[in-house]
Amino acid sequence: MKNKLLLLLLIVAMAADAQRKMVMPPFLKPGDRIAVISPSSSPEAKTVEAGCKVLREWGYEPVVGSHALDSYHGFGGTIGQRTEDLLWALRDTTIRAIMCTRGGDGAVQLLPHLQLREFSRRPKWLIGFSDITALHSASVQAGVMSIHGSMCHAISSQGGNDSVSVTLRQLLEGRLPDYQVDPHPLNQQGTAEGMLVGGNFSVFCGLAGSPYDFLNRTQEGLILFIEDTDEQMTKVDRMLHLLEVRGVLGRLKGIVVGHFTDYKHPDNDFKDMNDMLHEYLQHYNIPVAYGFPVGHKRPNFPLIEGCRVRLTVTGDGVRLEHLIK
């Protein structure tokens, strides 16, 4: 009986270790098929068409999901239809990557209808940001890296030739980003390595305690990036302290603060959102980089969720390197 118990504990430990190991999906080759789906809000058809045009110019074959252009109460179809498109994209062996048409709302509605192994059976790049953060979180929990990056509107607005789109294209081809950013007066200097996770602050905070929450992986040493739009300073304050009371904030290796846009200034004497964040983050002895180009305004450079990175913050600026191992 004792030997059986030890064997069971060993199996559980091995399974937990396997879940912790992250898989980087295969990079793309010319002619590869990219599924285009709408897990969140409903897009405009012309935006999807323009995004597909850019993907074809990059040498790929975009395949629009059956319900990608649907609209149901503002979502890209019913929960069942959106789940059906996502599962098709994940399961189809001819699909090499998945680009979401837009963010908005609704991706979290799909999670109860998905098993995490759907992301890991056939690892492939999932691309999107904003509300798509919910799917990135699930993918990382499944052990598969994904791309927090531009969707149909952003890659098509400048013909796919702007620096952000070019970086995304290079990433899909296998060239990992290495960013250098100007210094910010609120930066906290230092160097850290860890697994990069993050995205829309309110979206991933909404997953707290669920099986889809990538912040459950704090034992691996996380570097967290945050951004948001149309969220008031008081709510961002509450979300920040939610991370604190969960014990997440004290275990982070570093923090990258992206764009916070379209918020109203409350009745306090903080200069702006960064000033409010700095009030609390300055008490943590970790590197913190403010003003990083990621979020709901240009530029929004792609970042690899679940990838090991090195964050270096000095008086001369910030460097964020994606590492192979």
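Just above sits the structure.
We now turn to the structure provided with this report.

### Points about the overall build of the protein
Regarding its fold elements, the protein presents 10 helices and 13 strands. Here the protein has a C-alpha radius of gyration of 20 Å; the compact-globule value for 325 residues is 20 Å, and the two agree. Per-residue burial over the protein gives 54% buried out of 325 residues. As displayed, the protein offers around 14,400 Å² of accessible surface, 52% of which is attributable to carbon and sulfur atoms.

### Overview of the sheet that holds strand S8 (residues 222–229)
Strand order in the open sheet formed by seven strands is S6-S13-S12-S7-S8-S9-S10, with mixed pairing between adjacent strands. The open sheet has two free edges, formed respectively by strand S6 (178–181) and strand S10 (288–289), since each of these has just one partner strand. Docked against the sheet, helix H10 (residues 273–281) engages S8, strand S9 (254–261) and S10, running at close to 155° with respect to S9.

### Details of H10
In an α-helix, one turn spans 3.6 residues; hence positions three or four apart end up facing the same way. Among the residues of H10, those classed as buried are Met273, Asn274, Met276, Leu277, His278 and Leu281. In this structure, the buried residues of H10 make contact with S8, helix H9 (233–245), S9 and S10. Structurally, the start of H10 carries an N-cap: the backbone nitrogen of Asn274 is 3.2 Å from a side-chain oxygen of Asp272.

### What to know about the packing of aromatic side chains
Tallied over the full model, the rule gives five aromatic pairs. Their ring planes at 55° and their centres at 5.4 Å tell us that Tyr179 and Phe301 sit as a pair that is tilted. One end of the pair, Tyr179, is in strand S6; the other, Phe301, is in the loop between S10 and strand S11 (303–305), and 122 residues separate them in sequence. You'll find Tyr179 and Phe301 in the same group, each marked buried.

### Things to note about H9
For H9, which comprises 13 residues, the first-to-last C-alpha distance of 18 Å matches the rise-based estimate of 18 Å (1.5 Å per residue) to within 8%. Where H9 is concerned, the buried positions are Met233, Val236, Asp237, Met239, Leu240 and Leu243. Around the axis of H9, the buried residues are gathered within 165° of arc, so they sit on the same side. Of the exposed residues in H9, those oriented more than 90 degrees away from the buried face are Arg238 and Val245. Where H9 is buried, its residues touch helix H8 (201–205), S8, S9 and H10. Gly247 sits one or two residues past H9 and shows a positive phi near 85°.

### Brief notes about the sheet that holds strand S1 (residues 33–37)
Taken in spatial order, the six strands of this open sheet run S2-S1-S3-S4-S5-S11, and their pairing is mixed. Here the strands that pair on one side only, and so sit at the sheet edges, are strand S2 (61–64) and S11. Sheet twist, expressed as the average angle between the axes of neighbouring strands with direction ignored, equals 25°. Sheet analysis places strand S5 (residues 146–148) next to S11, joined by three bridges and oriented antiparallel. Along S11, the bridge assignment pairs His148 with Leu303. Helix-sheet contacts for helix H5 (residues 133–141) involve strand S4 (125–128), S5 and S11, and the interaxial angle to S5 is about 150°.

The rules behind these values
Residues numbered from 1 in each chain as written. Predicted model: local features only at pLDDT ≥ 70, side-chain atom pairs only at ≥ 80, totals over all residues. Heavy atoms only, no water. Helix = DSSP H or I, 4+ residues; strand = E, 2+ residues; numbered from the N terminus. Rg over C-alpha atoms; globule rule 2.2 N^0.38 Å. Buried < 20%, exposed > 50% of the residue type's maximum accessible area, 1.4 Å probe, protein only. Areas by Shrake-Rupley, 256 points an atom, 1.4 Å probe, with all protein chains shown as cover. Pairing = 2+ DSSP bridges. Contact = heavy atoms within 4.5 Å. Axes fitted to C-alpha atoms, helices over the stretch in contact; angles between N-to-C directions. Polar contact = N/O pair within 3.5 Å; in protein donor to acceptor, adjacent residues only side chain to side chain. Phe/Tyr/Trp six-rings, centres within 6.5 Å; stacked < 30°, edge-to-face > 60°. Expected span 1.5 Å × (residues − 1). Arc of directions from axis to C-beta.

So yeah, pure geometry; function would need other evidence.
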